[in-house]
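Structural overview for review
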Amino acid sequence: MAAMPYPTGTIVNDGGHLEIGGCDVIELAREFGTPAYLFAVDEMRDRARAYQRSFAAHTDRFEVLFASKALPVTAAYRLFAEEGLSVDVASGGELTMALKAGFDPAKIYMHGNNKTDAELALAGASGVGHLIVDSFDEIERCERVLAKDQDVLIRVTPGIKPSTHSFIQTGQLDSKFGFGLEDGTAARAIERVLESDRLNLVGLHFHIGSQIFEIEPFRLAVEALGELRGEWCEILDLGGGLGISYGEGDSPPEIEEYVNLKVQAVRDVFGDGVKILIEPGRSLVGTAGVTIYTIGTIKEIPGVRTYVAVDGGMSDNLRPMLYDAKYTAVIADRANDPADTRVTVAGSHCESGDILIRDVDLADPRVGDILLTPATGAYGHSMANNYNGMPRPPVIFCENGEARVVVRRESWDDLLTRDM
Ligand code: LLP
């Protein structure tokens, strides 16, 4: 069990079943059906607290923002608001959910490389604390749409590439996001915003990528930003990006180590005067969540491979197909049995690429078993889709043995609700 990236508190009970947040996974599957996303609420809280504790050891001038694209669920916004976090929203939809969850608008930071008039108007009308300005067009649009003065940060692409999948690298000059440092556009954007009588420049932002294990690039990014600093710079928002373990062989840095490096880098370059913001998404919710499926079909091709097909796939977890992301799995009914049968876990979609895990060892999988994939808490639900008319799974929060459905399962009829 040690190598599996389960949420803290996960155990195997006397019946051999996995328990997440004190809830027997097999009972949950019976009660709520599969596929389903299960979350250990304690792990989300623990991680939020670890971030805050790590900062508090250095300074009281910090904010930890929940990057809500990782899990845009009203109950998650509410939980992190309770924990005292701020929030990063990347669209009018995420903003609507954050507001609905009761987030103090002053603690909302709004991103987006192409914010629309409607999104900016909603942000302005609801009193969003800060916009992260991403382009010259947006600056003009803000001046046209916003009715009152607005605090903003400028998003800079510092020209640093962390080692991660190229689709989730975002800090390089050749990016659709932000203002480039190397080509002088960041400096021009600063001048432009300082001249604006609608926008009030208070800081800088960067986000260099996601699922990052090597933390040195964050220091390099802070150093790169140093050349832009000015009197106006009260806030530095250093983005998210800390990686998590998806299975054996993954050893991400601890939250504390990552925060220490970021704080030290800011101190070295900008001194003690600035407030430091970070925007973790994956590392708050990723390992807190697991997905459960039912095995429906087993197809053995002698001498080739055995396909174990589950009742979900690329509609509930696109990451293997988009990023070649590797997952692991366990038969949750017999979690202590030796995993001695090598199989490939396929989804139910009409597409050969709908493979969740190629070559994983499971404990003698059988039709009707509950297969659980750990570490699906981030960017699973948020990138879910209805391909092949597949209803999206429910989101279930598990805490102290109580399971609470916070997003219900879609029904087949739900798929008809937008028809005119
Ligand atoms: N801040 C900004 C501006 C971002 O764009 C992101 C993620 C984050 C914070 C949070 O990053 P995290 O701490 O989660 O690494 N769908 C991809 C990940 C895309 C990340 C997009 N931006 C995946 O499933 O791997």
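Refer to the preceding data block for the structure.
In this report, the structure presented in the accompanying data block is examined. All residue numbers refer to position in the chain's written sequence, counted from 1. Under the rules for a predicted model, residues below a pLDDT of 70 receive no local features and side-chain atom pairs below 80 are neither given nor counted, while totals for whole chains, interfaces and linings still include all residues. With hydrogens and water stripped out, all remaining heavy atoms of the structure feed into the side-chain values.

So, about a nonpolar patch on the surface. Only residues above 30% relative accessible area that lack a salt bridge enter a patch, with like-charged residues linked at up to 9 Å and the nonpolar side chains Val, Leu, Ile, Met, Phe, Trp and Tyr linked at up to 5 Å. Computed with the Shrake-Rupley method and a 1.4 Å probe, the accessible areas treat only the protein chains shown as cover for residues. Any carboxyl oxygen of Asp or Glu that lies within 4 Å of a side-chain nitrogen of Lys or Arg is treated as forming a salt bridge with it. On the surface, a cluster of nonpolar side chains totalling about 360 Å² of accessible area is made up of W412, L415 and L416. The topology assignment puts L415 in the segment after β21 (402-407). Each residue is assigned to one of three classes by its accessible area relative to the maximum for its type, calculated with a 1.4 Å probe on protein chains only: buried under 20%, partly exposed between the two thresholds, exposed over 50%. Looking at L415, the relative accessible area reads 30%, which means it is partly exposed. Secondary structure elements follow DSSP: runs of H or I no shorter than four residues count as helices, runs of E no shorter than two count as strands, and numbering proceeds from the N terminus.

One bridge is not enough; two strands pair if DSSP finds at least two bridges between them. Strand order in the open sheet formed by 3 strands is β1-β2-β3, with antiparallel pairing between adjacent strands. The sheet is open, and its two borders are formed by β1 (11-12) and β3 (23-24), each paired with just one other strand. By the bridge criterion, 2 bridges tie strand β2 (residues 18-20) to β3 in an arrangement that is antiparallel. What sits directly across from E19, in β3, is D24.

Right, let's talk about the site of the ligand for a bit. If a single non-hydrogen atom of a residue is within 4 Å of a molecule or strand, that residue counts as near it. Taken together, 19 residues surround the ligand, and among them S210, E279, R319, Y323 and Y379 come closest. Pairs of N or O atoms are called polar contacts if they sit within 3.5 Å, as long as, within protein, a hydrogen donor faces a hydrogen acceptor (for residues adjacent in sequence, only side-chain-to-side-chain pairs). In this structure, R319 approaches the ligand through a side-chain N or O atom, which is 2.6 Å from an oxygen atom. When the ligand sits alone it has 590 Å² of accessible area, and the protein chains cover 92% of it. The residue classification treats Ala, Val, Leu, Ile, Met, Phe, Trp, Tyr, Cys and Pro as nonpolar and Asp, Glu, Lys and Arg as charged. All others, Gly included, are polar. Among the residues forming the shell around the ligand, the class breakdown is 6 nonpolar, 7 polar and 6 charged.

Quick look at helix α6 (residues 136-145) now. Here α6 has its buried residues at E138, I139, R141 and C142. With its buried residues spanning 165° around the axis, α6 presents them on a single face. Away from its buried face by more than 90 degrees, α6 exposes D137 and R144. Every residue pair with non-hydrogen atoms within 4.5 Å of one another is taken to be in contact. Where the residues of α6 are buried, they touch α5 (117-126), β8 (130-133), β10 (179-180), α7 (185-195) and β11 (199-205). Arc definition: directions from the helix axis to the C-beta atoms.

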